[in-house]
Structures are given as structure tokens and as C-alpha cells.
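Geometric and topological summary
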Amino acid sequence: MSAAPVLALRGVSKRFGAVQALTDVDLEIHPGEVVALVGDNGAGKSTLVKTIAGVHPIDEGVIEWEGRQVTIDRPHDAQELGVATVYQDLALCDNLDVVANLFLGRELRRASVIDEVAMEKRARELLDTLSIRIPSVRIPIASLSGGQRQVVAIARALIGEPKVVILDEPTAALGVEQTAQVLDLVERLRERGLGVILISHNMADVKAVADRVAVLRLGRNNGVFPVKDTSHEDIIAAITGATDNAVTRRQARTAEAQQ
């Protein structure tokens, strides 16, 4: 893992009226690693991802990209830096084929005419590189399975050659074989040197592909754990707040007083 993070959040906070959604959140993403972002419903995962993606500008804190402070006020700002986000709804057009979906809004042109041949060639090369198997790049998206649709959405995010990819619940509602296909693709993203933020409620998926697990609870950091050295129970305890009780708080105050 690279010593310098490609993306770092320092003390990020976000408020919506009277609701404090995020408070002093820190997060680092390094090239070639998968960081799972977990937490209970309402923990702030979606808000945090949307601040990185430029949907919700932060109120306080700093966002760093490759060591320099940056401002992300719009989705375009995040895309320009090299952040690609695949949301849970995938945002695919069922009536269009795979090639058209991959290049939607980024069509290749030659003399102001869409270059279908070049787009199809690049689509095949990208899918082959990622070991994505689909019947044809010219069949409508509606004809694909849930897992195939998910990997096409992830492949589309790579058209812009990002450095960080955010995956929002990529295995939700998928079967066992389809889930395995998506997890294989996540590992290939890591092998390509990309930083991956994986939002998931499935601890088996997290343990299978993540290098580190960052836990959010009530909009705050509640621990970052190396997957190999952390038990399933410890992660669940951080998510549910089982480690946050009167005894642990008294111990923390005592430790602070002794310092």
C-alpha cells in the first residue's frame, strides 16, 4: 500500500438544517486498496460518499487529493479529479446496448459523427481487461442479469480513467454467483492500482475483498480496522456501539486524566 493517500478527508462535517449528518470525520484511501465503509442505517455513509462525489459540499474540514487541498462543490469537480461513483440504482438505460451505456455522455466522435466502431472496440477491450463476460456488447441492458448490469455500471465508471471508485452496495439483491462476479471485479480494480470505497451491509463481502474497514456511527468515526486482524464480532460491536457504554467512557476519561 502506498504511503501517501490519493484521497484524504480531515475533520469533515456536514449539517442539513438542525441535523448534524457528519462530525469531524477522517478517512484515507490509498492507491491499490479497498476500504469498506460500514455503519448502521443513518450512520452517515451516504452523506459521506456524496460529499466526496460533489453532491453535498462539506461545511467544515479539508479534502486532500494526492497531498494537496482541493474543493469539491459539484459532481464535475470530483470527476475532474478522478473520482467515479457507482450508485445503487446503477442509472443504466435499459433500452440501450452495452456500448451505448458505457459511453453515454462521453461518446467518441470522428468529424462530428459518433464513431460506433471505435466505441465498440474500446468497450470490448475494457471488458476483456476486467474479465467481464457478457453475451454481446450489442445486446440491450435489459437483457442482462443483475450481476452483469452491475459490472457494466462499474466498467462505465472506468471510461474516464479514475483513481478512486466508490461502489454503493454493489452486491445488494444479487444472487451468490452474481455476487462472486462483482467481488472478483472489485479485486481487479485493486490490482489496477485504484482506490476503492466499498459501501456494504454484508460482512461476508467486506471480509472477502476489503483491506480496511472504516466504521461510521451517528455521523462520527467509530474505528478503522485492518480486515485480516479484526474479528467479525469486533466490527459489529463498532457498528452497533456495543463498545460505547458507561464503563468504556469512564476508562477513557481516566486515561485522559493520567496523560
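See the structure printed just above.
Presented here is a report on the structure given in the accompanying data block. What you see is a predicted model, and the numbers here were worked out from it, not measured in a lab.

In this section: the overall build of the protein. When its secondary structure is counted, the protein shows nine helices and twelve strands. Its C-alpha atoms give the protein a radius of gyration of 20 Å, within 12% of the compact-globule value 18 Å for 259 residues. When the backbone C-alpha atoms are referred to their principal axes, the protein occupies close to 70 × 40 × 35 Å. The buried share of the protein, taken over its 259 residues, is 46%. For the protein, long-range pairs separated by at least 24 residues make up 65% of all intrachain contacts whose partners lie at least 6 apart in sequence. Taken as a whole, the protein presents about 13000 Å² of accessible surface, with 48% of it coming from carbon and sulfur. Mean positive and mean negative side-chain charge positions of the protein (29 and 35 charges, respectively) differ by 1 Å.

Turning our eyes to something else, we now look at the sheet that holds strand 10 (residues 195–199). As summarised here, the arrangement of the six strands in space is 6-9-10-3-11-12, forming an open sheet in which the pairing is mixed. With one partner strand each, in any of the chains shown, strand 6 (83–86) and strand 12 (220–226) form the two edges of the open sheet. Taken over all neighbouring pairs, the strand axes of this sheet differ in orientation by 20° on average, direction set aside. Looking at chain direction, strand 11 (residues 212–217) and strand 12 are connected through five bridges and run antiparallel. Within strand 12, the residue paired with Arg-212 across the bridge is Pro-226. Helix-sheet contacts for helix 5 (residues 146–157) involve strand 6 and strand 9 (164–168), and the interaxial angle to strand 6 is about 165°.

What follows deals with the nonpolar core. Membership of the largest hydrophobic core comes to 51 residues, with the highest contact counts inside it found for Val-38, Val-98, Leu-130, Ile-132, Leu-167, Leu-189 and Val-213. With six residues, the single largest contributor to this core is helix 5. Apart from the residues within four sequence positions on either side, Leu-189 is in contact with Leu-130, Ile-154, Leu-158, Val-165, Leu-167, Leu-194 and Val-196. The next biggest cluster of nonpolar side chains, apart from the first, holds 27 residues, and it includes Leu-48, Val-49, Ile-72 and Val-164.

Here we take up the side chain of Thr-179. In this structure, Thr-179 sits in helix 6 (residues 176–191). Leaving out residues up to four positions away in the same chain, Thr-179 has contacts with Thr-171, Leu-174 and Asp-205.

Now for the side chain of Asp-205. As for its position among the elements, Asp-205 is in helix 7 (residues 203–209). No salt bridge is formed by the buried Asp-205. Its closest oppositely charged neighbour is Arg-190, at 13 Å. Ignoring sequence-local partners within four residues, the contact set of Asp-205 consists of Thr-171, Thr-179, Leu-183 and Ser-200.

Of note in this structure, Ala-111 is not a glycine but carries a positive phi near 55°. Its location among the elements puts Ala-111 in the loop between strand 7 (109–110) and strand 8 (113–114). For Ala-111, a relative accessible area of 69% corresponds to the exposed category. Positive phi, close to 55°, is recorded for Leu-218, a residue that is not glycine. Tracing the sequence through the fold places Leu-218 in the loop between strand 11 and strand 12.

The end-to-end C-alpha distance of helix 5, which contains twelve residues, comes to 17 Å, matching closely the 16 Å that a straight helix rising 1.5 Å per residue would cover. Burial within helix 5 is extensive, with ten of its twelve residues counted as buried. Regarding helix 5, the residues found buried are Gly-147, Gln-148, Gln-150, Val-151, Val-152, Ala-153, Ile-154, Ala-155, Arg-156 and Ala-157. Buried-residue contacts for helix 5 involve strand 6, helix 3 (98–102), helix 4 (116–129), strand 9 and helix 6.

So, about the pattern of salt bridges. Opposite charge on two side chains lets them pair, provided their charged atoms get close. Enumeration over the complete set of coordinates arrives at 14 salt bridges. The residue Arg-10 makes a salt bridge to Glu-28 at a minimum N-O spacing of 2.7 Å. Pair noted here: Arg-10 is in strand 1 (residues 7–16) and Glu-28 is in strand 2 (residues 19–29), with a separation of 18 residues, a long-range link. For Arg-10, a relative accessible area of 31% puts it in the partly exposed group. Glu-28 sits in the partly exposed class, given a relative accessible area of 26%.

Thresholds, definitions, all that
- Residue positions within a chain follow its written sequence, with the count starting from 1.
- Local features in this predicted model are restricted to residues of pLDDT 70 or higher, and side-chain atom pairs are both shown and tallied only at a pLDDT of 80 or more, whereas totals for entire chains, interfaces and linings draw on every residue.
- Only hydrogens and water are removed before side-chain values are computed, so all heavy atoms of the structure are retained for them.
- Secondary structure elements are defined from DSSP: runs of H or I of at least 4 residues count as helices, runs of E of at least 2 residues count as strands, and each element is numbered from the N terminus.
- The globule rule used here is 2.2 Å times the number of residues to the 0.38 power, and the radius of gyration it is set against is calculated over C-alpha atoms.
- Three labels apply to residues, based on accessible area from a 1.4 Å probe with only protein chains included: buried if under 20% of the type maximum, exposed if over 50%, partly exposed otherwise in between.
- It only takes one pair of heavy atoms within 4.5 Å for two residues to be counted as in contact.
- Per-residue and other accessible areas were derived by the Shrake-Rupley procedure at a 1.4 Å probe size, with only the shown protein chains allowed to occlude residues.
- Neither His nor the chain ends is counted toward charge; the positive residues are Lys and Arg and the negative residues Asp and Glu.
- Lys charges are placed at NZ, Arg charges at CZ, Asp charges at CG and Glu charges at CD.
- Pairing between strands is defined by DSSP: at least two bridges between them are needed.
- Here an axis means a line fitted to C-alpha atoms, over the contact stretch when the element is a helix, while the angle between two N-to-C directions is reported on a 0 to 180 degree scale.
- Only buried residues count toward a nonpolar core. Its members are Ala, Val, Leu, Ile, Met, Phe, Trp, Tyr and Cys residues joined through side-chain atoms within 4.5 Å.
- In the sections that follow, a salt bridge refers to a side-chain nitrogen of Lys or Arg positioned within 4 Å of a carboxyl oxygen of Asp or Glu.
- Expected helix span is taken as 1.5 Å per residue step, with the number of steps being one fewer than the number of residues.

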